[in-house]
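Report on the structure
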Amino acid sequence: MTDRVRETPELPPKTPGLTLISYEGTPYRFDPGALCLELLPTGGPGAFARFEVLHEPADLAAWARRSRLADGLELAVDEGELSDARVFRDALFLLTADRAHGRPLQPRHLEIVNTAAAEPPLVPRLAPDGSPAWAPGATGTRLLSTLARDAIDLFGGPYADRVRECGAHDCFLLFVDTSRPGRRRWCAMEHCGNREKARAHRARNATGQA
């Protein structure tokens with residue numbers, strides 16, 4: 001069994017990234033480094049379908065509020081857009097995993113992302129007080145376009161070679177390493193980083209006692 005995490009809606013982020021909770025019930029901060037990659041922990045293809053959290057349109061709107069998008073987005077999502085979001089997420093999941101492992105990107109996954117990007121995106125604007133806001137008419141389709149364009153910027157940009165999968169043996173969270181050194185290995189040091197260090201320490205002790 002993997003130590004896959006579940007998204008929790010109780011702790012809205014104050015900084016970019018998501019608050020996730022492990023099966024042990026411990027919350028920790030996971031910053032995948034890009035807006036589009038924040039969608040991936042909501043479920044996924046194949047075996048990851050059991051982690052699905054986008055069950056109804058309101059779930060996608062709730063995810064958008066927890067994402068790094070600016071506050072105040074009033075998103076209208078229908079059932080068709082919810083279905084499209086799950087298809088888009090699964091394609092993006094597989095594209096990101098392929099990129100992380102140096103595999104060729106599959107045309108069918110690229111087509112899903114490119115098709116989403118061709119739609120009009122969410123429209124940002126400035127509020128009278130100078131704070132970021134959103135134009136009326138935000139829909140699930142516009143949200144997917146914004147995510148798809150972010151993915152295109154990521155995979156076609158300077159950080160494309162830094163797309164990675166967590167180095168823990170039982171974690172499959174995907175992220176882009178935006179740190180200056182470029183040596184990030186874990187989804188979160190406080191979670192998988194510490195677990196793997198403890199695991200390696202136990203293994204060394206066991207070898208020394210053999």
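All of the points below concern the structure found in this document. All values derive from a computational prediction rather than experimental measurement.

As a further point, take a negative patch on the surface. Taken together, the side chains of Glu56, Asp78, Glu79 and Asp84 define an acidic patch exposed on the protein surface. Tracing the chain through its elements places Glu56 in the loop between strand E3 (27-30) and helix H1 (57-66). The exposure class of Glu56 is partly exposed, given its relative accessible area of 43%.

Further remarks concern the pattern of salt bridges. The final tally for this structure, using the stated rule, is seven salt bridges. Between Asp98 and Arg103 there is a salt bridge; the shortest N-O distance is 2.7 Å. On the accessibility criterion, Asp98 (10% relative accessible area) is buried. What makes Arg103 partly exposed here is its relative accessible area of 41%. Ionic pairing is found between Asp177 and Arg164, a salt bridge with its closest N-O pair at 2.6 Å. Highlighted residues: Asp177 in the loop between strand E7 (174-176) and helix H5 (189-209) and Arg164 in strand E6 (residues 163-165), separated in sequence by 13 residues. Look at Arg164 and you get partly exposed, because its relative accessible area is 23%. Connected via shared salt-bridge partners are Asp31, Glu38 and Arg68.

To continue, consider the packing of helix H2 (residues 79-100) against helix H4 (residues 140-155). As a packed pair, H2 and H4 sit with axes 10 Å apart at the nearest point and diverge in direction by 10°. On the basis of the axis angle, H2 is roughly parallel to H4. Listed contacts from H4 to Glu81, Asp84, Ala85, Phe88, Leu92, Leu95, Thr96 and Arg99 of H2 are Gly140, Thr141, Leu144, Leu147, Ala148, Ala151 and Phe155. Of the residues in the contact of H2 with H4, the class split is nine nonpolar, three polar and three charged.

What counts and how
Residues numbered from 1 in each chain as written. Predicted model: local features only at pLDDT ≥ 70, side-chain atom pairs only at ≥ 80, totals over all residues. Heavy atoms only, no water. Patch = residues over 30% accessible without salt bridge, like charges linked within 9 Å, V, L, I, M, F, W, Y side chains within 5 Å. Areas by Shrake-Rupley, 256 points an atom, 1.4 Å probe, with all protein chains shown as cover. Salt bridge = Lys/Arg side-chain N within 4 Å of Asp/Glu carboxyl O. Lys, Arg positive; Asp, Glu negative; His and termini not counted. Charge placed at Lys NZ, Arg CZ, Asp CG, Glu CD. Helix = DSSP H or I, 4+ residues; strand = E, 2+ residues; numbered from the N terminus. Buried < 20%, exposed > 50% of the residue type's maximum accessible area, 1.4 Å probe, protein only. Axes fitted to C-alpha atoms, helices over the stretch in contact; angles between N-to-C directions. Parallel < 35°, antiparallel > 145°, perpendicular 65-115°, else oblique. Contact = heavy atoms within 4.5 Å. Nonpolar A, V, L, I, M, F, W, Y, C, P; charged D, E, K, R; others polar.

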